[in-house]
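Take a look at the letters that make up each chain.
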Amino acid sequence: MYDARTTIEQNFKGSEGSFIHDLHEKNMFNIAAFKEYVDAITQLTEQSQDYPTLERSLMDQVFFTYSYILKSVIWHLDMNDQSSIENMSDEQLAEMVERLETVVRTFIQGNTK
């Protein structure tokens, strides 16, 4: 069974098979794992519609993973850094970052409309 909180936690920890694990350890933008990560944030946003506040630990995990993904993209673009993302063009990365920003902003604002 799919559990959004587990997906966020696995990415937060960099667990094998998570999007962040593949990005960090394999220099690979795993589109399926990215979609699962984004879907988890979307699902958590929908689940929290009736609650005015979220658990700080969950918000921290979402913020940390969002921040880490952005830093990874920045490092990838720095010619002096050895970090790389092998399977995505810069344009595709920009599209993914835009999608991620939208999902995380919606999560923080707490609305799906």
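Above this note sits the structure.
Residues numbered from 1 in each chain as written. Predicted model: local features only at pLDDT ≥ 70, side-chain atom pairs only at ≥ 80, totals over all residues. Heavy atoms only, no water.

1. Digging into helix α1 (residues 4-13)
Point 1. Of all the positions in α1, only Ala4, Thr7, Ile8 and Asn11 are classed as buried. The buried residues of α1 occupy one face: seen down the axis, they fall within an arc of 95°. (Buried < 20%, exposed > 50% of the residue type's maximum accessible area, 1.4 Å probe, protein only. Helix = DSSP H or I, 4+ residues; strand = E, 2+ residues; numbered from the N terminus. Arc of directions from axis to C-beta.)

2. Some words on the side chain of His21
Point 1. Counting through the fold element by element, His21 comes out in helix α2 (residues 19-25).
Point 2. Every residue in contact with His21, bar those within four places of it in the chain, is listed here: Gly14, Ser15, Glu16 and Lys26. (Contact = heavy atoms within 4.5 Å.)

3. A word on unusual backbone geometry
Generally, phi is negative for residues other than glycine and the peptide bonds are trans, each holding for most cases.
Point 1. Non-glycine residue Asn27 carries a positive phi angle of around 55°.
Point 2. Relative to the helices and strands, Asn27 resides in the loop between α2 and α3 (31-47).
Point 3. On the basis of relative accessibility, which here comes to 24%, the residue Asn27 falls in the partly exposed class.

4. Re the environment of Leu70
Point 1. For Leu70, the location among the structural elements is in helix α4 (residues 56-77).
Point 2. Judged by its relative accessible area of 24%, Leu70 is partly exposed.
Point 3. Residues Leu70 and Glu101, spaced 31 residues apart in sequence, show a C-alpha to C-alpha distance of 9.5 Å.

5. With respect to the packing of aromatic side chains
Point 1. In the structure shown here, the tally under the stated rule is 5 aromatic pairs.
Point 2. Between Phe19 and Phe29, the aromatic rings sit 4.9 Å apart at their centres with planes inclined by 75°, giving edge-to-face as the arrangement. Taken together, the positions of Phe19 in helix α2 and Phe29 in the loop between α2 and α3 put the pair 10 residues apart, joining distant regions of the chain. Each member of the pair Phe19 and Phe29 is classed as buried.
Point 3. With centroids separated by 6.3 Å and ring planes inclined at 25°, the aromatic side chains of Phe64 and Tyr68 adopt a geometry described as stacked. (Phe/Tyr/Trp six-rings, centres within 6.5 Å; stacked < 30°, edge-to-face > 60°.)

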